[in-house]
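# An overview of the molecular structure
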Amino acid sequence: MVYDYLLVGAGLFNAVLANELTSNGKTCLVVERRDHIGGNCYTYTDHDIVVHKYGAHIFRTNDPSIWEYVNKFAEFNNFVNSPIAKYRNETYNLPFNMNTFSKMWGISTPDEAKKIISEQSRENDGCEDNLEAHAISLVGRDIYEKLIKGYTEKQWGRRCCELPPSIMQRIPVRYTYDNNYYNSRFQGIPTGGFTPVMEKMFSKSELILNCDYLKNRRQYKDVAKKIVFTGTIDSYFEYEFGELEYRSLKFETDYISHCDNYQGVAVVNYTDRLPEYTRIIEHKHFEYGKQKGTIVTKEYPIAWNKEIEPYYPINDEKNTLLYQKYEEKASRNSEVIFCGRLGRYQYFDMQDTIKSALSVSKRLLDES
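Residues numbered from 1 in each chain as written. Predicted model: local features only at pLDDT ≥ 70, side-chain atom pairs only at ≥ 80, totals over all residues. Heavy atoms only, no water.

Moving on, we get to the packing of aromatic side chains. According to the stated counting rule, one finds 29 aromatic pairs in the structure shown. Aromatic side chains Tyr323 and Tyr345 sit 6.1 Å apart centroid to centroid with 25 degrees between the ring planes, which places their arrangement in the stacked category. Here Tyr345 lies in the loop between helix 9 (340-343) and helix 10 (350-367) and Tyr323 lies in helix 8 (residues 317-330), a separation of 22 residues in the sequence. Take Tyr323 and Tyr345: they sit in the same class, and that class is buried. Pairwise contacts between aromatic rings join Tyr213, Tyr220, Phe229, Tyr236, Phe237, Phe241, Tyr326 and Phe338 into one cluster. The ring of Tyr236 carries Arg217 above its face, with NZ or CZ at 4.7 Å from the centroid. Geometry around Tyr300 places Lys250 over its ring, the cationic atom sitting 4.7 Å from the centre. (Phe/Tyr/Trp six-rings, centres within 6.5 Å; stacked < 30°, edge-to-face > 60°. Helix = DSSP H or I, 4+ residues; strand = E, 2+ residues; numbered from the N terminus. Buried < 20%, exposed > 50% of the residue type's maximum accessible area, 1.4 Å probe, protein only. Lys NZ or Arg CZ within 6 Å of the ring centre and 35° of its normal.)

This is the structure:
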C-alpha cells in the first residue's frame, strides 16, 4: 500500500497533523522510534497517579480557537502552575512577583520593589548583551544571584554571561501578588493525561513503534507520496555540515509509599548550583490527587550526545548559522517537510506546535 503521507515521529505535531489529514480522507503511516506515542508529552498511570514521563507539560494559550480545538479531544482541568523556588534553606514564590519581592527584601508595595530593582540594575550601565546583564536589569542582583544564576547555569551547562538574553524572555515578571506562572487566558491539563488525547488523534492512522526511520529509510522509501519528518534535521542529512547542539535531561522517578504529599506543590525549582537537579515534580498535584503514596521525579540537565534524546536547542549564533545551512538544503527537497521543534531547531510550546501543525495540514490539504 502507498500512503498519502509518512509521518516520522509520533509526538504532538504529527498527532495534530495525522488527525487533520485522516479526517479529510488522507492515509497516514506513522513511524516512531520510541515504544509509545505522544513524544515528550507522553503520560502513563502508576499507582492510580498520572505521571508526566518527560517532565511537566501544562497546556496554555490565549487563542480561543486553539483552546476549542484541544477540548475536542479531552476534558481539561483547571490546574494553575504556581511553582516555588528553593535556594538553600529559603523558599520563594514563582514567577517573580510581589510575593517573591516581599520575601526577598521585606517590602510590600510595587514602588518599593521597583526602587530596589532600579538601584541594583545600575551596575549594568546599559549593557544587556548577555543573560546575566539582562536578568539583573530586569529583577536586580539579589534575585539574579539566588533564583536565576545557579538554575540557569545548571540547565544550560554554561555561565550566564555566555548565554543570550533571549532565554529570559519566557520568564514573567509582575508587580502583583499573583503566583500564576502563565499569563495565558486558558490553561490546564487533560484529565487522565496527554496520552489519551494522542490516541484519539492517531486513531485513524497506522502506527509502527520501536522503529528508527533513519536506520530503515530504504524500507520506507516508496511507501508514501510525501514525508513529514519531525526528527533532528541534521541527522536526516547525516550531519553533512556538522552536529547541531542541544541540552538533554535525565529523569529519576520514584514511588514513595509512606508519603501522601511530598512537597505540597506540583513543581519545585532548585536554584542553587547544588543539588544537581533543577526541579522536583510531584505528579499527583497536577490532578489534585488524593491517592495513597506519591510519585516524584527529579530532573537533571545533562550534556547531549547522539545516543540520547535532545530536548532544548542551543540557539546561539554558531548553531543558528549551522541550522540555516540545513534549512537551505531542506528547502530544495520537495518530498520531505521538516517540522516540529527538532525539524525546525526551535523550542515550541504546545500551543505553538498545534498552530504550526494546523497550518501545515491546511497547506497540504490545499495542495492535494
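The subject of this paragraph is the side chain of Gln351. In this fold, Gln351 is placed in helix 10. Leave out the neighbours within four places in its chain, and Gln351 touches Phe59, Arg60, Thr61, Asn62 and Ile66. (Contact = heavy atoms within 4.5 Å.)

Time to look at unusual backbone geometry. Of note, the bond from Leu94 into Pro95 is cis; its omega dihedral lies within 30 degrees of zero at 0 degrees. Counting through the fold element by element, Pro95 comes out in the loop between strand 7 (90-93) and helix 3 (98-105). A positive phi angle, close to 55 degrees, is found at Asn210, a residue other than glycine. Along the polypeptide, Asn210 turns up in the loop between strand 9 (206-208) and strand 10 (224-229).

A few words on helix 3. Along helix 3, the positions that sit buried rather than exposed are Met98, Thr100, Phe101, Met104 and Trp105. The arc that holds every buried residue of helix 3, seen down its axis, measures 155 degrees, which confines them to one face. Close packing links the buried residues of helix 3 with strand 7, helix 4 (110-121) and helix 5 (131-156). Where helix 3 begins, the side chain of Asn97 points an oxygen toward the backbone nitrogen of Asn99, at a separation of 2.7 Å. (Arc of directions from axis to C-beta. Polar contact = N/O pair within 3.5 Å; in protein donor to acceptor, adjacent residues only side chain to side chain.)

Attention shifts here to the sheet that holds strand 2 (residues 28-31). Strand order in the open sheet formed by five strands is 9-2-1-10-16, with parallel pairing between adjacent strands. The open sheet has two edge strands with one neighbour each: strand 9 and strand 16 (336-338). When strand polarity is set aside, the average angle formed by the axes of neighbouring strands in this sheet is 20 degrees. Bridge count for strand 10 against strand 16 is three bridges, and the pairing is parallel. (Pairing = 2+ DSSP bridges. Axes fitted to C-alpha atoms, helices over the stretch in contact; angles between N-to-C directions.)

For the rest of this paragraph, the subject is the nonpolar core. Membership of the largest hydrophobic core comes to 103 residues, with the highest contact counts inside it found for Leu6, Phe59, Phe101, Trp105, Tyr213 and Phe286. Ranked by residue count, the leading element in this core is helix 5, at nine residues. Ignoring sequence-local partners within four residues, the contact set of Phe101 consists of Phe96, Gly106, Ile107, Ala113, Ile117, Ile143, Val173, Arg174 and Tyr175. The next biggest cluster of nonpolar side chains, apart from the first, holds 10 residues, and it includes Ile84, Tyr270, Tyr277 and Tyr300. (Core = buried A, V, L, I, M, F, W, Y, C linked by side-chain atoms within 4.5 Å.)

Let's shift gears to the sheet that holds strand 7. An order of 7-6-12-13-14-11-15 is seen for the seven strands of this open sheet, with the pairing classed as mixed. Lying at the two open borders of the sheet, with one neighbouring strand each, are strand 7 and strand 15 (312-313). The sheet strands contacting helix 5 are strand 6 (84-87), strand 7, strand 11 (246-256), strand 12 (267-270), strand 13 (279-282), strand 14 (294-303) and strand 15, and the helix crosses strand 6 at an angle near 90 degrees.

A separate point is empty space enclosed by the protein. Tallied over the full model, the rule gives one cavity of 30 Å³ or more. By volume, the largest cavity amounts to about 60 Å³. Around the largest cavity, the lining residues are Leu12, Phe59, Val70, Phe76, Phe194, Val197, Met201, Met350 and Ile354. Secondary structure elements with two or more residues in the lining of the largest cavity: helix 6 (195-201) and helix 10. Here the lining of the largest cavity is composed, by residue class, of nine nonpolar, no polar and no charged. (1 Å grid on protein atoms, 1.4 Å probe; cavity = no way out; pocket = protein on both sides within 12 Å on 5 of 7 lines; lining within 4 Å. Points joined across faces, edges and corners; volume = space filled by probe spheres on them. Nonpolar A, V, L, I, M, F, W, Y, C, P; charged D, E, K, R; others polar.)

Now for helix 10. Here helix 10 contains 18 residues, and its C-alpha end-to-end distance of 26 Å stays within 8% of the 26 Å for a straight helix at 1.5 Å per residue. Looking at helix 10, one finds that the buried residues are Met350, Gln351, Thr353, Ile354, Ser356, Ala357, Val360, Ser361 and Leu364. (Expected span 1.5 Å × (residues − 1).)

So, on to the packing of helix 3 against helix 4. Remark: helix 3 packs on helix 4, axes separated minimally by 10 Å, with the N-to-C direction vectors making an angle of 70 degrees. On the basis of their axis angle, the class for helix 3 and helix 4 is roughly perpendicular. Regarding helix 3 and helix 4, the two cross each other, and that crossing is left-handed. Contacts from Met98, Phe101 and Trp105 of helix 3 reach helix 4 at Pro110, Ala113, Ile116, Ile117 and Gln120. A breakdown of the residues in the contact of helix 3 with helix 4 according to their chemical character gives seven nonpolar, one polar and no charged. (Parallel < 35°, antiparallel > 145°, perpendicular 65-115°, else oblique. Left-handed = near helix turned anticlockwise from the far one by under 90°.)

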